[in-house]
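The primary structure of each chain is shown beneath.
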Amino acid sequence: MTRRATAFVLIGLGVIIGMTSITGWIRADVTSIKGVTQVVATGLQIAPLAGAGALVLLAAGFALFFAHTWGSRVICGVAALASLAVIVSMGRLFLADPERVRDVFLSATSGTGDVAELVTMPAIWVGLTVSILAFTLSIAGVFFAGRWKRPPQRFDPARQSIPTDSRMRAIDDWDALEHGADPTE
């Protein structure tokens, strides 16, 4: 697992979580004055933390391209916390009692009427699975960041060659004279 691969996978997982959070998570038939209407609540309505976690994973993936060893560990740690928050926000819908889920659904949608059977849609399952993968990858990144190669530095002084051109030597001689040193010695 390399830094580049980890960054690309984090970006991809962040996009998938973001896409699943804007689609419908829970669907139900709501009875109101107008009759029976099918209402869908999206992930951003029910658990806004899922969209925020997706953005953090995207930012962490892009930042990972530029970070060094300890920076990579911090970035992967932040990505792990963000994916854990997404897991908790999605998981609490599954572990909550049905009345609580019904109340969340009503507050996210119309707020009125009787709700028939609530149906969870596949997007929430995909988002939860991808969040678990993002958490696992981020934790692995924290531990493996020390083995990743350091990204090349464009202006690294060790990589710059000192020109041996005679014109540069003449300029260095003038600089030596300015500082009061004899360049012939």
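So, a few notes on the structure that sits alongside this text. The structure presented is a predicted model; accordingly, all values stated were derived computationally and were not measured. For every chain, the first residue of the written sequence is number 1, and numbering continues from 1 along that sequence. Residue-level local features of this predicted model are given only where pLDDT is at least 70; pairs of side-chain atoms are given and counted only at 80 or more, and the full residue set underlies all totals for whole chains, interfaces and linings. Only hydrogens and water are set aside; all other atoms, that is, all heavy atoms of the structure, feed into the side-chain values.

1. Some details on the pairing of strand 1 (residues 24–32)
Regular strands place their side chains on alternate faces of the sheet.
Next up, step 1: Any two strands between which DSSP finds at least two bridges are classified as paired. The secondary structure listing takes helices from DSSP runs of H or I that are at least 4 residues long and strands from runs of E that are at least 2 residues long, numbered from the N terminus. Direction of pairing for strand 1 relative to strand 2 (residues 35–42): antiparallel, over a ladder of eight bridges. When the bridges of strand 2 are listed, Arg27 appears paired with Val40.
Next up, step 2: Sheet topology note: the strand 1/strand 4 (residues 119–120) ladder contains two bridges and is antiparallel. Paired with Ile26 across the two strands is Thr120, which belongs to strand 4.

2. Observations regarding the nonpolar core
Here is a general trend for soluble globular proteins: nonpolar side chains tend to be buried in one another's company.
Next up, step 1: Residues enter a nonpolar core if they are buried and are Ala, Val, Leu, Ile, Met, Phe, Trp, Tyr or Cys, with the set joined through side-chain atoms within 4.5 Å. Relative accessibility under 20% of the residue-type maximum defines a buried residue, over 50% an exposed one, and the middle range a partly exposed one, all with a 1.4 Å probe and only protein chains included. Counting 30 residues, the largest nonpolar core has Leu10, Ile17, Trp25, Ile46, Leu57, Leu64 and Met90 as its most contacted members.
Next up, step 2: Looking at this core, the elements with two or more residues in it are helix 1 (3–22), strand 1, helix 3 (48–64), helix 4 (69–95) and helix 6 (122–144).
Next up, step 3: The contact criterion used is simple: two residues touch if any of their non-hydrogen atoms lie within 4.5 Å. Not counting chain neighbours up to four residues away, the residues in contact with Leu64 comprise Arg3, Thr6, Ala7, Leu10, Ser72, Ile75, Cys76 and Trp148.

3. Examining a nonpolar patch on the surface
Next up, step 1: Here a patch means residues that are over 30% exposed by relative accessible area and free of salt bridges, tied together within 9 Å if like-charged and within 5 Å if nonpolar (Val, Leu, Ile, Met, Phe, Trp, Tyr). Using the Shrake-Rupley algorithm and a 1.4 Å probe, accessible areas are obtained, with residue cover drawn only from the displayed protein chains. Salt bridges, as used here, are contacts in which a Lys or Arg side-chain nitrogen is within 4 Å of a carboxyl oxygen on Asp or Glu. A contiguous nonpolar surface patch, about 400 Å² in accessible area, is contributed by Met1, Ile139, Phe143 and Phe144.
Next up, step 2: Residue placement: Phe144 occurs in helix 6.

4. Details of helix 6
Next up, step 1: Helix length check: helix 6, at 23 residues, gives a terminal C-alpha distance of 33 Å against a target of 33 Å (1.5 Å per residue), a fit within 8%.
Next up, step 2: Among the residues making up helix 6, those that are buried are Ala123, Ile124, Gly127, Leu128, Val130, Ser131, Ala134, Leu137, Ser138 and Gly141. In this analysis, the expected span of each helix is defined as 1.5 Å times one less than the number of residues it contains.

5. Observations regarding the packing of helix 1 against helix 3
Next up, step 1: The angle between two axes is taken between their N-to-C directions and runs from 0 to 180 degrees, where each axis is a line fitted to C-alpha atoms and a helix contributes only its stretch in contact. One can describe the packing of helix 1 onto helix 3 by two numbers: an axis separation of 8 Å at closest approach and a directional angle of 160 degrees. When the axes of helix 1 and helix 3 are compared, the pair comes out roughly antiparallel. Relative to helix 3, helix 1 is oriented so that their crossing is left-handed. The residues of helix 3 that touch helix 1, namely those facing Arg3, Thr6, Ala7, Leu10, Ile11, Gly14, Val15, Ile17, Gly18 and Ser21, are Ala50, Gly51, Ala54, Leu57, Leu58, Gly61, Phe62 and Leu64.
Next up, step 2: Of the residues that constitute the contact of helix 1 with helix 3, the class distribution is 11 nonpolar, six polar and one charged. Here the angle decides the label: under 35 degrees means roughly parallel, over 145 means roughly antiparallel, 65 to 115 means roughly perpendicular, and every other value means oblique. Here a crossing is called left-handed whenever its near helix is offset anticlockwise from the far helix by less than a right angle, and right-handed whenever the offset is clockwise. Note on residue categories: nonpolar means Ala, Val, Leu, Ile, Met, Phe, Trp, Tyr, Cys or Pro, charged means Asp, Glu, Lys or Arg, and polar means any other residue, Gly included.

6. Points about the packing of helix 1 against helix 6
Each pair of packed helices gets described by two things: the angle between the helix axes and the distance between those axes.
Next up, step 1: Two elements in contact, helix 1 and helix 6, have axes separated by 9 Å at closest approach and are oriented at 155 degrees. Between helix 1 and helix 6, the interaxial angle falls into the category roughly antiparallel. Relative to helix 6, the crossing made by helix 1 is left-handed. Residue-level contacts link Thr6, Val9, Leu10, Leu13, Ile16, Ile17 and Thr20 of helix 1 to Ala123, Val126, Gly127, Val130, Ser131, Leu133, Ala134, Leu137 and Ser138 of helix 6.
Next up, step 2: Class assignment of the residues belonging to the contact of helix 1 with helix 6 gives a composition of 11 nonpolar, five polar and no charged.

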